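Residue-level listing of the chains:
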Amino acid sequence: MKSSQQELSNRGYLEKDIISSNSATREELFTQLTNFEPVQRSLAARELGNRFILVDGTAEVLLEHLILEKKLYTRLEICQALAKGDALTVYAMIPYLNTIGNSQYRSIAEAKTSKKKSYPLPRGIVARTLGNMGAFAADILLENLKQKEYAAEMIEGLGYLTYNKPELQTQENYERAKGYYELYKEDLLFVWKFVIFSSAFPYTYTEPTLTEIGRQFSEEAIQQELKRTVVVCKRH
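Presented here is an overview of the structure given in this document. Computed from a predicted model, the values in this text were never measured in an experiment. (Residues numbered from 1 in each chain as written. Predicted model: local features only at pLDDT ≥ 70, side-chain atom pairs only at ≥ 80, totals over all residues. Heavy atoms only, no water.)

1. Side note on the packing of helix H12 (residues 203-216) against helix H13 (residues 220-233)
Part 1 of the reasoning: Running from N to C, H12 and H13 point in directions that differ by 165 degrees, and their axes come no closer than 11 Å. As the angle between them shows, H12 and H13 are arranged roughly antiparallel. H13 is crossed by H12, and the crossing has left-handed handedness. Listed contacts from H13 to Tyr203, Thr206, Leu210, Ile213 and Gly214 of H12 are Ile222, Gln223, Leu226, Thr229, Val230 and Cys233.
Part 2 of the reasoning: The residue makeup of the contact of H12 with H13, split by class, is seven nonpolar, four polar and no charged. (Axes fitted to C-alpha atoms, helices over the stretch in contact; angles between N-to-C directions. Helix = DSSP H or I, 4+ residues; strand = E, 2+ residues; numbered from the N terminus. Parallel < 35°, antiparallel > 145°, perpendicular 65-115°, else oblique. Left-handed = near helix turned anticlockwise from the far one by under 90°. Contact = heavy atoms within 4.5 Å. Nonpolar A, V, L, I, M, F, W, Y, C, P; charged D, E, K, R; others polar.)

2. Things to note about the packing of aromatic side chains
The geometry of an aromatic ring pair comes down to the distance between the two centres and the angle between the two planes.
Part 1 of the reasoning: Taken as a whole and judged by the stated rule, the model has twelve aromatic pairs.
Part 2 of the reasoning: Measuring from centroid to centroid gives 5.1 Å for phenylalanine 197 and phenylalanine 201, while their planes differ by 55 degrees, and the two rings are tilted. Take phenylalanine 197 and phenylalanine 201: they sit in the same class, and that class is buried.
Part 3 of the reasoning: An aromatic cluster of at least three residues, connected via ring pairs, comprises Tyr174, Tyr181, Phe194, Phe197 and Phe201.
Part 4 of the reasoning: The lysine or arginine in question, arginine 123, covers the ring of tyrosine 105, its NZ or CZ lying 4.1 Å from the ring centre.
Part 5 of the reasoning: The lysine or arginine in question, lysine 234, covers the ring of tyrosine 203, its NZ or CZ lying 5.0 Å from the ring centre. (Phe/Tyr/Trp six-rings, centres within 6.5 Å; stacked < 30°, edge-to-face > 60°. Buried < 20%, exposed > 50% of the residue type's maximum accessible area, 1.4 Å probe, protein only. Lys NZ or Arg CZ within 6 Å of the ring centre and 35° of its normal.)

3. Notes on the nonpolar core
Part 1 of the reasoning: Residues Leu62, Leu82, Phe190, Phe194, Phe197 and Ile213 are the most contacted members of the largest nonpolar core, which totals 71 residues.
Part 2 of the reasoning: Setting aside chain neighbours within four positions, we find leucine 62 in contact with Leu33, Ala45, Leu48, Ile53, Ile78, Ala81 and Leu82. (Core = buried A, V, L, I, M, F, W, Y, C linked by side-chain atoms within 4.5 Å.)

4. Quick notes on the packing of helix H10 (residues 171-184) against H12
Part 1 of the reasoning: Two numbers describe how H10 lies on H12: the axes approach to 10 Å, and their chain directions differ by 20 degrees. In terms of their interaxial angle, H10 and H12 are classed as roughly parallel. Viewed along their axes, H10 and H12 form a crossing whose handedness is left-handed. Of H12, the residues touching H10 (which contributes Gln171, Tyr174, Lys178, Tyr181 and Glu182) are Tyr205, Thr206, Thr209, Glu212, Ile213 and Gln216.
Part 2 of the reasoning: For the contact of H10 with H12, the class distribution of residues is four nonpolar, four polar and three charged.

Written out as structure tokens, the structure is:
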């Protein structure tokens, strides 16, 4: 059943062409993020993304509000604002990978293979947002996979970014990420997500590593994801 306009507004929905008068200051928009009306919060997030996301401190405020925000479309507006950011925005987002949202898989026991025939949308909202940023973000994420506590979520976002940016689908990038698979292979959830990540690259780059993983790991989730990933890799 289609939602009414009022129902959409109550969830923070804004038409794509709606913008404010551009007269509000950044501090006024920060205040507007706490407005009782979800649409007003959405409008504030959109304006901050359009006008102030590259100003130091804006990303951090948006991220703090993303933790608290409950309305779907307002959350999406905040994420779209963050996706317009720069390298400093990426660095600001990394510590939030494990703290915002509760849909992320936390163990291999929870992991379920996607039925999608392309790269699956990251479950974590911050990983998903990183995956919607510009190609410049890939190098930062590859470098910061060394932060093990964020690595599983980070590689999910990196894979989504890579899948959607063909210029990132290089053997060099795959080999850089593979180094972290070697480092973290005792973490079965990371191994599973690394297999998903591999589906962003051509099979000629991934075949030896995927074959090795297939021999080393008998877990059902990993074996099922290997089957899906090989099919996607071969489509590149």
